[in-house]
Amino acid sequence: MDTQTLTPENPDERVVWLAITGTYIFWILGAMYLIAPVIGWILVLKIIGRVLFHAEGIRISFPVISWIGAMLLMLFALVIGHLIEGLGLAQLIKSSIGWAKGWALLAIFPLIGGMQIRPELIYRASCVVGKHTLILFPLFILAWRVGLPSTLYVSPLSIIGGPGPEFFSVSLYEIDPGSGIPRWRLFTPWAPALGMVGNLYFLFALQETDKRYRLYGIIGSIIMVLISQSRLAILCCFALIVYFNFIRYAKYPWLYLLLSPVFLLAGVIGETVLSTIESSIHSVKAARADSTRVREALGNIAVERWANEAVIWGHGIVERGPHMVEYMPIGSHHTWYGLLFVKGIVGAIALALPLLVSICCLLSSVMQSRLSAVGMAIILILLLYTFGENLEILAYLFWPGLVILGAAHTQTK
């Protein structure tokens with residue numbers, strides 16, 4: 001295969017290719033939040049049509065089945081929570097539509113990964129987005145320097161409904177209220193979300209075989225991570241580098257010979273190392289003290305109210321927090337706290353189980369298969385970001401990773 005002329009070979013690949021490479025066009029149109037659910041459900045209906053009317057099978061692995069079952073359990077928990085809390089039919093319909101645009105995507109796109117969609121095409125498409133970022137970023141800097149409005153407009157498509165206007169707005173830059181310096185979110189709803197996408201595309205760029213596109217992808221994705229100014233994004237990027245270096249050299253005995261004295265030394269100076277790490281963590285938190293305070297308060301409120309009011313099924317919907325958390329939704333900025341508050345222990349289990357199944361199924365081949373290693377890295381990103389974001393609300397951004405995860409599971413079936 002000529003990596004220079006890697007292009008879609010079938011309609012399914014063409015849809016995925018255009019959805020990724022057209023990122024900045026969809027952003028200008030304010031349609032980013034809509035694209036993923038639309039193409040996801042269309043491709044799923046296409047799968048069902050092929051099975052029913054053309055007797056064509058599709059490869060569905062056990063981990064993908066676990067994701068489908070778990071997200072259906074999320075829907076069940078949503079319904080029960082609404083009934084228990086007496087939220088009414090209109091709210092139930094609204095929340096179910098939200099499920100279809102959020103949690104459902106965590107099952108839909110791994111299923112789509114079993115279709116004839118080459119991972120290499122997704123890697124290349126993400127590098128194209130990196131190239132576009134390199135071209136456009138000077139314009140974003142210029143917009144800040146000359147004092148253009150930070151947000152140009154909110155797309156009329158917001159009338160369709162979504163989590164908030166930031167999902168449909170075209171933002172050139174934003175000023176961090178704590179530090180007063182600019183940060184960028186580009187085609188995402190907030191800057192830390194850009195850091196998450198940057199890490200995913202950095203992972204994909206590492207798999208690209210064409211040197212030119214690989215360079216575009218790596219530089220573009222690192223720019224996304226840095227301009228997001230997200231602590232979690234930087235940590236995740238380092239974690240990916242360590243992970244792939246370990247995967248690369250794990251088969252060589254010298255690695256373990258090298259690590260042995262390191263671990264021995266760590267045992268001797270362990271207390272000092274732990275103190276240094278703890279000090280570093282405090283320094284990182286202090287760098288954005290207001291953000292850390294709000295996140296911790298949101299988590300504490302979510303856990304306290306979950307434990308005292310709705311342990312099994314949760315409260316059914318998110319609720320606005322008090323003034324002390326700047327009126328942010330209770331349980332936001334943390335997937336597990338959000339799940340406990342909204343869907344109770346059932347919702348938390350519904351996410352934990354498929355993650356565990358995916359990890360167990362990929363472990364057996366992670367050293368032999370590059371695709372399995374990428375799948376495990378995607379799980380690593382998702383796990384890290386469960387502690388800093390609500391996964392379901394950003395699924396429309398990281399869906400290409402879910403397709404690759406599904407492909408990895410199909411390969412190891």
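See the structure shown above.
Just so it is clear, the model here is predicted, and its values are computed rather than measured.

### Focus on the overall build of the protein
Secondary structure summary: the protein contains 16 helices and 4 strands in total. Counting across all 413 residues of the protein, residues that qualify as buried make up 51%. Here the analysis covers contacts within the protein between residues at least 6 apart in sequence; of these, 77% occur between residues at least 24 apart. About 19400 Å² of surface is accessible on the protein, with carbon and sulfur atoms providing 70% of the total.

### Points about the packing of helix α6 (residues 105-112) against helix α16 (residues 391-411)
Running from amino to carboxyl end, α6 crosses α16 at an angle of 40°, the nearest separation of the two axes being 7 Å. Put simply, α6 runs oblique to α16. Classified by chirality, the crossing of α16 by α6 is right-handed. Here L105, L106, F109 and P110 of α6 lie close against α16, whose contacting residues are A395, Y396, F398, W399, L402, V403 and G406. Tallied by class, residues from the contact of α6 with α16 come to 10 nonpolar, 1 polar and no charged.

### Some details on unusual backbone geometry
Most of the time, phi is negative for any residue but glycine, and the peptide bond is trans. For L186, which is not glycine, the phi torsion reads 50° and is therefore positive. With a phi angle near 55°, Q229 is a residue other than glycine that sits in the positive phi range. Within the fold, Q229 resides in the loop between α9 (211-228) and α10 (231-249).

### Quick word on helix α4 (residues 62-85)
Helical periodicity: at 3.6 residues per turn, an α-helix aligns residues three or four positions apart in one direction. Between the first and last C-alpha of α4 there are 34 Å, a value that for 24 residues agrees with the 34 Å anticipated at 1.5 Å per step. Taken residue by residue, α4 has P63, V64, S66, W67, A70, M71, M74, A77, L78, I80, G81 and H82 as its buried positions. Among the structural elements, α5 (89-101), α6, α14 (335-363) and α16 are those in contact with the buried residues of α4. Following α4 by one or two positions, G86 adopts a phi angle in the positive range, close to 65°.

### What about the nonpolar core?
Judged by nonpolar contacts, the single largest core of 111 residues is most densely connected at F187, L203, L351 and F398. Here this core takes 13 residues from α16, the largest share from any one element. Beyond its immediate chain neighbours, meaning those up to four positions away, F398 contacts L106, M196, L200, L382 and L391.

### A look at the pattern of salt bridges
When the charged atoms of two side chains lie near each other, side chains of opposite charge can form a pair. Within the structure shown, the criterion is met by 8 salt bridges. Between R118 and E13 there is a salt bridge, with its nearest N and O atoms 2.8 Å apart. Of this pair, R118 sits in the loop between α6 and α7 (119-145) while E13 sits in helix α1 (residues 11-21), and the two are 105 residues apart along the sequence. For R118, a relative accessible area of 16% translates into the label buried. For E13, a relative accessible area of 1% gives the class buried.

### Notes on the state of the cysteines
In total, this model carries 0 disulfides according to the counting rule given. This cysteine, C361, is not joined by any disulfide, and C360 carries the nearest cysteine sulfur, 6.7 Å off.

### Looking at the side chain of T133
Looking at the element boundaries, T133 is found in helix α7. Within the local environment of T133, its side chain forms a polar contact with the side chain of Y24, the two groups lying 2.8 Å apart.

### Details of the packing of aromatic side chains
One pass over the structure, following the stated rule, counts 16 aromatic pairs. Here W27 and F140 contribute two aromatic rings whose centre-to-centre distance is 5.8 Å and whose plane-to-plane angle is 80°, an arrangement assigned as edge-to-face. You can see W27 sitting in helix α2 (residues 23-29) and its partner F140 sitting in helix α7, a full 113 residues away along the chain. Here the two residues W27 and F140 agree in accessibility, since each one is buried. Within the aromatic cluster, the residues linked to one another by ring pairs are Y33, F167, F168, W190 and Y396. The positively charged end of R124 is found above the aromatic ring belonging to Y213, 4.3 Å away from the centroid. It is R145 that lies over the ring of W144; its NZ or CZ is 5.1 Å from the centre.

### Some words on the packing of helix α8 (residues 191-207) against α9
Between α8 and α9, whose axes approach to 8 Å, the crossing angle comes to 160°. In terms of axis orientation, α8 runs roughly antiparallel to α9. Where α8 crosses over α9, the two elements pack in a sense that is left-handed. Residues A191, L194, G195, V197, G198, N199, Y201, F202, A205, L206 and Q207 of α8 touch α9, and the partners they reach there are R214, G217, I218, S221, I222, M224, V225, I227 and S228. Of the residues belonging to the contact of α8 with α9, the class tally is 12 nonpolar, 7 polar and 1 charged.

So, how was this worked out
- Residues numbered from 1 in each chain as written.
- Predicted model: local features only at pLDDT ≥ 70, side-chain atom pairs only at ≥ 80, totals over all residues.
- Heavy atoms only, no water.
- Helix = DSSP H or I, 4+ residues; strand = E, 2+ residues; numbered from the N terminus.
- Buried < 20%, exposed > 50% of the residue type's maximum accessible area, 1.4 Å probe, protein only.
- Contact = heavy atoms within 4.5 Å.
- Areas by Shrake-Rupley, 256 points an atom, 1.4 Å probe, with all protein chains shown as cover.
- Axes fitted to C-alpha atoms, helices over the stretch in contact; angles between N-to-C directions.
- Parallel < 35°, antiparallel > 145°, perpendicular 65-115°, else oblique.
- Left-handed = near helix turned anticlockwise from the far one by under 90°.
- Nonpolar A, V, L, I, M, F, W, Y, C, P; charged D, E, K, R; others polar.
- Expected span 1.5 Å × (residues − 1).
- Core = buried A, V, L, I, M, F, W, Y, C linked by side-chain atoms within 4.5 Å.
- Salt bridge = Lys/Arg side-chain N within 4 Å of Asp/Glu carboxyl O.
- Disulfide = S-S within 2.5 Å.
- Polar contact = N/O pair within 3.5 Å; in protein donor to acceptor, adjacent residues only side chain to side chain.
- Phe/Tyr/Trp six-rings, centres within 6.5 Å; stacked < 30°, edge-to-face > 60°.
- Lys NZ or Arg CZ within 6 Å of the ring centre and 35° of its normal.

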